[in-house]
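Secondary and tertiary structure notes
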Amino acid sequence: MAIYYGDGSNSNGSSGFGGRIVKCVTSNKGGHTTHTGTSWSSNIGGLTSSISMADSNNKILILWNCCVSAAPNVYSAQIRLLRDGTVIGGGVKGQTQHVVGHNHYFTSYDSYSGYTLSNMSNGYVDSPGDTSSHTYSLQIRSGYSNYVVTVNRTYSNPTNDHIGTATSFLTLFEIAHS
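Read on for an overview of the structure. (Residues numbered from 1 in each chain as written. Predicted model: local features only at pLDDT ≥ 70, side-chain atom pairs only at ≥ 80, totals over all residues. Heavy atoms only, no water.)

Topic: the state of the cysteines
Covalent bonding between the sulfur atoms of two cysteines is what defines a disulfide. Under the counting rule described, the total for this entry stands at zero disulfides. Left unpaired, Cys66 is separated from the closest cysteine sulfur, that of Cys67, by 6.8 Å. Judged by relative accessible area, Cys66 falls into the buried class, the value being 0%. (Disulfide = S-S within 2.5 Å. Buried < 20%, exposed > 50% of the residue type's maximum accessible area, 1.4 Å probe, protein only.)

Below, the structure is given as structure tokens:
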């Protein structure tokens with residue numbers, strides 16, 4: 001269903017005024033989760049959103065923020081984006097860059113970095129090219145085998161309330177074509 005604006009345009013872009021937001025869908029993750037090792041996790045629970053396009057020419061703007069912590073002393077976490085179970089926006093594998101286009105988080109080389117949360121934020125514009133429902137999700141992994149990464153709480157102090165926790169999100173915007 002189109003939204004009609006005062007200038008005569010509508011949210012479907014049919015009046016030549018593309019770029020308007022047609023639809024917004026968001027998901028939030030309030031609790032925490034952990035993952036061990038370099039294999040990719042299943043989808044991070046709570047960070048999955050589905051959207052059906054109003055027009056096959058429209059685009060989807062995907063924005064996310066995931067609050068992450070990892071073991072101290074230069075251990076890392078990586079996040080990737082998927083549409084319908086297929087990785088998108090991943091870039092090209094290079095000699096030293098294995099996850100170009102995805103978020104890569106390194107802890108500092110000290111014993112306190114496991115007490116910090118880092119915001120891993122990114123965005124991507126997708127063009128599914130149809131009006132079917134599409135599901136977008138995030139996956140996480142550690143940069144080192146046998147090491148744990150956490151979402152929405154610190155690595156080193158998971159049970160103390162005074163350290164605090166966080167909320168992560170995944171938001172989809174359908175943008176009208178021009």
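More follows now that the structure is in view.
As for the nonpolar core
Within the largest apolar cluster, 22 residues are counted, with the highest numbers of intra-cluster contacts made by Ile62, Ile79 and Tyr136. In terms of residues, this core owes the most to one element, strand E4 (residues 59-70), which gives six residues. (Core = buried A, V, L, I, M, F, W, Y, C linked by side-chain atoms within 4.5 Å. Helix = DSSP H or I, 4+ residues; strand = E, 2+ residues; numbered from the N terminus.)

Let's talk about the pairing of strand E11 (residues 168-175)
Burial analysis of E11 places seven of its eight residues in the buried class, the great majority of the element. Sheet topology note: the strand E1 (residues 21-29)/E11 ladder contains eight bridges and is antiparallel. Counterpart to Cys24 in the pairing with E11 is Phe173. Note that E4 and E11 share seven bridges and pair antiparallel. By the bridge assignment, Leu61 is partnered in E11 with Phe173. (Pairing = 2+ DSSP bridges.)

A few points about the pairing of strand E10 (residues 148-151)
The side chains of a regular strand alternate between the sheet's two faces. Strand direction decides the pairing type here: strand E2 (residues 33-36) and E10, joined by four bridges, are antiparallel. For Thr34, the partnering residue across the bridge sits in E10 and is Thr150. Two elements, E4 and E10, share three bridges in a ladder whose sense is antiparallel. Looking across to E10, one finds that Ser69 is bridged to Thr150.

Such coordinate-based values are descriptive only and should not be taken to indicate function.
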